[in-house]
Amino acid sequence: MTWTTMSTVEGLPLIGGQGRFRTLATAEGGLAYEIAYPAGVASPVHSHDHDSIVYLVSGSLRGTLDGREVALEAGGTIVHPRGVRHSVEAIVDSQWVEFKTPLPSRPPIAE
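In this text the structure is predicted, and so the values were computed from the model without any measurement.

Student: I keep staring at the side chain of lysine 100 and nothing clicks. Help me out?
Tutor: Tracing the sequence through the fold places lysine 100 in strand β11 (residues 94–101). Residue classification places lysine 100 among the buried positions, given a relative accessible area of 4%. Side chain to side chain, lysine 100 and glutamate 98 meet in a polar contact 2.7 Å long. If we skip the residues at most four places from it in the chain, lysine 100 touches Gly29, Gly30, Leu31, Tyr33, His48, His50, Asp51, Ser52 and Pro108.

Student: Please explain the packing of aromatic side chains as it appears in this structure.
Tutor: Centre-to-centre distance and the angle between the planes together describe a pair of aromatic rings. In the structure shown here, the tally under the stated rule is two aromatic pairs. Look at phenylalanine 21 and tyrosine 33: their rings are 5.6 Å apart centre to centre, the planes differ by 85°, and that puts the pair in the edge-to-face class. Taken together, the residues phenylalanine 21 in strand β4 (residues 19–27) and tyrosine 33 in strand β5 (residues 30–37) connect sequence positions 12 residues apart. The class for phenylalanine 21 is buried, based on a relative accessible area of 10%. Between tyrosine 37 and tryptophan 96 the ring centres are 4.8 Å apart and the planes differ by 75°, which places this aromatic pair in the edge-to-face class. With tyrosine 37 in strand β5 and tryptophan 96 in strand β11, the pair connects residues that are 59 residues apart, well separated along the chain. Considered together, tyrosine 37 and tryptophan 96 belong to a single accessibility category, that of buried residues. Here arginine 20 stacks its cationic end above the ring of tryptophan 3, 3.9 Å away from the centre of that ring.

Student: I keep staring at empty space enclosed by the protein and nothing clicks. Help me out?
Tutor: To find leftover empty space, a probe the size of one water molecule is rolled over the atoms. With the rule as written, the count across this model stands at one cavity of 30 Å³ or more. When its volume is computed, the largest cavity comes out at roughly 230 Å³. Taken together, 27 residues make up the lining of the largest cavity; nearest its centre are Val54, His80, Val88, Trp96 and Glu98. The set of elements that each furnish at least two residues to the lining of the largest cavity consists of β5, β7 (60–65), β8 (68–73), β9 (77–80), β10 (86–90) and β11. For the lining of the largest cavity, the class distribution of residues is 15 nonpolar, eight polar and four charged.

Student: Is there a simple way to think about unusual backbone geometry in this case?
Tutor: Note: most peptide bonds trans; most residues except glycine with negative phi. Residue proline 102 follows threonine 101 across a cis peptide bond; omega there is -5°. By the secondary structure assignment, proline 102 is in the loop between β11 and β12 (109–110). With phi around 50°, glutamate 10 is a residue other than glycine that occupies positive phi space. With respect to the helices and strands, glutamate 10 occurs in the loop between β2 (8–9) and β3 (12–13). A positive phi angle, close to 55°, is found at aspartate 66, a residue other than glycine. Relative to the helices and strands, aspartate 66 resides in the loop between β7 and β8.

Conventions we followed
- Residues numbered from 1 in each chain as written.
- Predicted model: local features only at pLDDT ≥ 70, side-chain atom pairs only at ≥ 80, totals over all residues.
- Heavy atoms only, no water.
- Helix = DSSP H or I, 4+ residues; strand = E, 2+ residues; numbered from the N terminus.
- Buried < 20%, exposed > 50% of the residue type's maximum accessible area, 1.4 Å probe, protein only.
- Polar contact = N/O pair within 3.5 Å; in protein donor to acceptor, adjacent residues only side chain to side chain.
- Contact = heavy atoms within 4.5 Å.
- Phe/Tyr/Trp six-rings, centres within 6.5 Å; stacked < 30°, edge-to-face > 60°.
- Lys NZ or Arg CZ within 6 Å of the ring centre and 35° of its normal.
- 1 Å grid on protein atoms, 1.4 Å probe; cavity = no way out; pocket = protein on both sides within 12 Å on 5 of 7 lines; lining within 4 Å.
- Points joined across faces, edges and corners; volume = space filled by probe spheres on them.
- Nonpolar A, V, L, I, M, F, W, Y, C, P; charged D, E, K, R; others polar.

Laid out in C-alpha cells, this is it:
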C-alpha cells in the first residue's frame, strides 16, 4: 500500500500543510483509510455524506464536533456522523485509521 500526499478534505484545502493517506480496504458498504498529519496540520470545518469512525493509532488530535471542542489521544475513538460539521488538527505528528460508511459518493480526500 502506497502513501499518497493529501492536500484536501471534502474538496477543501488542508490548513498548515499537507497530510498523507492510503486506502486500507474498500467494500460495498464502506472503506478504511490510514491517515497521517504532521504537527500543526488541520482540516477545515467540513461535513460529509457518510459516517466516519476514527481510531487514533498515535499522536494527539483536537478539533470541533458540531461546534463543541473535542480532543483525542492515542488509543481513543471518535465518530463524525454524516452531516455534522467537524474539524481535526494534529497537535503532534498523528496517525489514525478512519472507517467510512456507507461508501462515500465521491472521494472524500485527495492529493
